[in-house]
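Report on the structure
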Amino acid sequence: MKAVYPGSFDPVTYGHIDIIKRTSEKVETLVVAVLNNPSKKGTFSLEERIVLLKEVTKEFENVEIDSFDGLLTDYAYKKGCTSIVRGLRAVSDFEYEMQMALVNKKINNNLETFFMASSTKYGYLSSSIVKEVSMFGGNVSCFVPEIVEEALKNKFKRRI
Ligand code: COA
């Protein structure tokens, strides 16, 4: 099975890596696809997110990092992916994820969405919370790999 794991990854955290690692053990190929969303101004550029993702997933041989814009269903079709993978952290994720899964299924009935339950230790993580902690000088080493921590420090240093 070839699956796509889409998201903003602004930036990638241990929570995402947990989903990527565990999913990659279950599928033949996993495409991690960063959404190029012009209407959501990110902290990191698309290129920066891709560089970080490539670095932190380099040990997973069947994981490919890519980006997309437009509809996820069109992208999945183009890439030959038959499944979408999304992480579920808490009940609060469920409604939004279910809505996306149902809409995507309506657009392309052959595309299935699989939900991967987040590991409990990462169930509270989000990219925004990590950015907030880092912005105020907090230690984020338990949330993100060192290369991401350094990228965050550089990003926020420049803004002060
Ligand atoms: N660990 C850590 N954080 C996680 C996480 C996990 N396992 N799962 C989700 N998150 C966090 C992300 O860090 C992000 O945090 P932030 O809001 O603080 O940045 C947040 O949850 C949102 O997750 P993300 O996976 O980036 O979803 P999104 O809502 O930004 O994007 C897409 C979802 C890309 C799948 C969706 O917008 C899409 O498909 N867009 C394309 C257009 C389209 O086809 N639209 C129709 C779809 S119905």
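A short tour of the structure in this document, coming up. Please read all numbers here as calculations on a predicted model, not as lab measurements.

A tally of helices and strands in the protein chain yields six helices and five strands. Helices (α) and strands (β) of the protein chain occur, in sequence order from the N terminus, as β-α-β-α-β-α-β-α-β-α-α. Its C-alpha atoms give the protein chain a radius of gyration of 15 Å, near enough to 15 Å, the size a compact globule of 160 residues would have. When its C-alpha atoms are laid out on the principal axes, the protein chain stretches across 50 × 30 × 30 Å. When each of the 160 residues of the protein chain is scored for burial, the buried share is 46%. When contacts within the protein chain are restricted to residue pairs at least 6 apart in sequence, those whose partners lie at least 24 apart make up 74%. By element, 54% of the accessible surface of the protein chain is carried by carbon and sulfur atoms, the whole surface being about 9,200 Å². Taken together, the 22 basic and 21 acidic charged side chains of the protein chain have centroids lying 3 Å from each other.

Turning next to the pairing of strand β1 (residues 2-7). The buried fraction of β1 is high, at five of six residues. Looking at chain direction, β1 and strand β2 (residues 29-35) are connected through six bridges and run parallel. By the bridge assignment, V4 is partnered in β2 with V31. In this fold, the crossover linking β1 to β2 by way of helix α1 (residues 14-24) has right-handed handedness. Bridging between β1 and strand β4 (residues 83-88) involves two bridges; their strand directions are parallel. What sits directly across from V4, in β4, is I84.

Here we come to the nonpolar core. Of all hydrophobic cores here, the largest spans 32 residues; its most connected members are I20, L30, V32, L53 and L152. Counting residues per element, the ones that place at least two in this core are β1, α1, β2, α2 (46-56), β3 (63-68) and α6 (146-159). When residues in this core are grouped by element, the largest group, five residues, is from α2. L152 has contacts with P11, F44, V130, K131, S134, V140 and V144, leaving out every residue within four places of it along the chain.

Calculation notes
Residues numbered from 1 in each chain as written. Predicted model: local features only at pLDDT ≥ 70, side-chain atom pairs only at ≥ 80, totals over all residues. Heavy atoms only, no water. Helix = DSSP H or I, 4+ residues; strand = E, 2+ residues; numbered from the N terminus. Rg over C-alpha atoms; globule rule 2.2 N^0.38 Å. Buried < 20%, exposed > 50% of the residue type's maximum accessible area, 1.4 Å probe, protein only. Contact = heavy atoms within 4.5 Å. Areas by Shrake-Rupley, 256 points an atom, 1.4 Å probe, with all protein chains shown as cover. Lys, Arg positive; Asp, Glu negative; His and termini not counted. Charge placed at Lys NZ, Arg CZ, Asp CG, Glu CD. Pairing = 2+ DSSP bridges. Right-handed = clockwise from strand over helix to strand, strands pointing away. Core = buried A, V, L, I, M, F, W, Y, C linked by side-chain atoms within 4.5 Å.

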